[in-house]
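Structural description and commentary
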Amino acid sequence: MQTVNHTKKGWSVKDVIFLAIIAIFFGIIYQVWSFAYYAVAATPLKPYANDLTLGVWIMAGPLAGVLLKKAGASVIGELLAAAVEMLLFSSWGASTLISGFIQGIGNELGFAVTGYKNWGKLGLLLSTIGSTIVTFIWDWFQSGYSEYQVGLLISLFVIRFISIGFFAGILVYWIKKLTDQSGLIK
């Protein structure tokens, strides 16, 4: 288990540059990923399209958190990536910013539960749980999930958790390990 007993204080120019790189990189990925969403939505799996693909749209927040190890990095990283996606003519327009903020809050809550002391597997697991719950509540109100049958809701929640867990948990952990090995961020 990897723990860090302190959070780096203050934002350096290097931190801001890395945050901008994460935002630009994932903003582009998010925009391209919308084609995967629409491809799934054009099949009989349409009710599951959002939950199956959501994990990718949540990656910038936890990656910013684990690389920069700063309170607020997850929200800012996710919000900036959403801004880049929106500026690339996202089909969801300005609502992309709201989604980015909601997703970032969910990620941030996971790291906050540890007191910003665990940026490893536990922090990412809690970030996955936080973003799964927060985004599901958002979709309950925003996307009409309140009209769904209980069985469908349970399956959507489980699929969402797996998607976020894989993309924003496991893949982010692997990216963090590779970044640590490179010595790029210290």
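First, a word on scope: everything that follows refers to the structure included in this document. Just so you know, these numbers come straight off a predicted model, no measurement behind them.

**Quick notes on the packing of aromatic side chains**
- A full pass over the atoms with the stated rule returns 14 aromatic pairs.
- On the numbers, 5.1 Å between centres and 85° between planes, the contact of Phe 136 with Phe 157 is edge-to-face. Taken as a pair, Phe 136 in helix α6 (residues 121-142) and Phe 157 in helix α7 (residues 150-182) lie far apart in primary sequence, 21 residues in all.
- Its relative accessible area of 30% is what places Phe 157 among the partly exposed residues.
- Measuring from centroid to centroid gives 5.1 Å for Tyr 145 and Tyr 148, while their planes differ by 35°, and the two rings are tilted.
- Judged by relative accessible area, Tyr 145 falls into the buried class, the value being 3%.

**Section: the packing of helix α3 (residues 60-68) against helix α4 (residues 73-87)**
- Contact pair α3 / α4: the axes reach a minimum separation of 7 Å and the direction vectors enclose 135°. With respect to each other, α3 and α4 are oriented oblique. The chirality of how α3 crosses α4 is right-handed. Counted together, Ala 60, Gly 61, Pro 62, Ala 64, Gly 65 and Leu 68 of α3 and Ala 73, Ser 74, Gly 77, Glu 78 and Ala 81 of α4 form the full contact between these two elements.
- Taken together, the residues that form the contact of α3 with α4 break down as 6 nonpolar, 4 polar and 1 charged.

**Some details on the environment of Tyr 148**
- Structurally, Tyr 148 can be placed in the loop between α6 and α7.
- Excluding residues that lie within four positions of it along the chain, Tyr 148 makes contacts with Ser 143, Leu 153 and Leu 156.

**Focus on unusual backbone geometry**
- Although it is not a glycine, Lys 69 adopts a positive phi angle of roughly 50°.
- Within the secondary structure, Lys 69 sits in the loop between α3 and α4.
- Within the chain, Phe 89 stands out as a residue other than glycine whose phi angle is a positive 70°.
- Tracing the chain through its elements places Phe 89 in the loop between α4 and α5 (95-113).

**A short note on the pattern of salt bridges**
- For the coordinates displayed, the defined rule picks out 4 salt bridges.
- Asp 15 is paired through a salt bridge with Lys 70; the nearest N and O atoms lie 3.4 Å apart. Taken together, the positions of Asp 15 in helix α1 (residues 13-41) and Lys 70 in the loop between α3 and α4 put the pair 55 residues apart, joining distant regions of the chain. Comparing Asp 15 with Lys 70, the two get one shared label, buried.
- Residues participating in the shared-partner salt-bridge network are Asp 51, Asp 139 and Arg 160.

**Details of the packing of α4 against α5**
- Look at α4 against α5: their axes get within 7 Å of each other, and the N-to-C directions meet at 160°. On the basis of the axis angle, α4 is roughly antiparallel to α5. For the pair α4 and α5, the crossing hand works out as right-handed. Each of Ala 73, Ser 74, Val 75, Glu 78, Leu 79, Ala 82, Ala 83, Glu 85 and Met 86 in α4 lies in contact with α5, whose residues at this interface are Thr 96, Leu 97, Gly 100, Phe 101, Gln 103, Gly 104, Ile 105, Asn 107, Glu 108 and Phe 111.
- Residue composition of the contact of α4 with α5, by class: 10 nonpolar, 6 polar and 3 charged.

**A word on α5**
- Between its first and last C-alpha atoms α5 spans 28 Å; for 19 residues at 1.5 Å apiece the expected length is 27 Å, and the two agree.
- Buried within α5 are the following residues: Thr 96, Gly 100, Ile 102, Gln 103, Gly 104, Gly 106, Asn 107, Glu 108, Gly 110 and Phe 111.
- Residues of α5 that are buried sit in contact with α3, α4 and α6.
- A positive phi of about 70° marks Gly 115, the residue just after α5.

Calculation criteria
- Residues numbered from 1 in each chain as written.
- Predicted model: local features only at pLDDT ≥ 70, side-chain atom pairs only at ≥ 80, totals over all residues.
- Heavy atoms only, no water.
- Phe/Tyr/Trp six-rings, centres within 6.5 Å; stacked < 30°, edge-to-face > 60°.
- Helix = DSSP H or I, 4+ residues; strand = E, 2+ residues; numbered from the N terminus.
- Buried < 20%, exposed > 50% of the residue type's maximum accessible area, 1.4 Å probe, protein only.
- Axes fitted to C-alpha atoms, helices over the stretch in contact; angles between N-to-C directions.
- Parallel < 35°, antiparallel > 145°, perpendicular 65-115°, else oblique.
- Left-handed = near helix turned anticlockwise from the far one by under 90°.
- Contact = heavy atoms within 4.5 Å.
- Nonpolar A, V, L, I, M, F, W, Y, C, P; charged D, E, K, R; others polar.
- Salt bridge = Lys/Arg side-chain N within 4 Å of Asp/Glu carboxyl O.
- Expected span 1.5 Å × (residues − 1).

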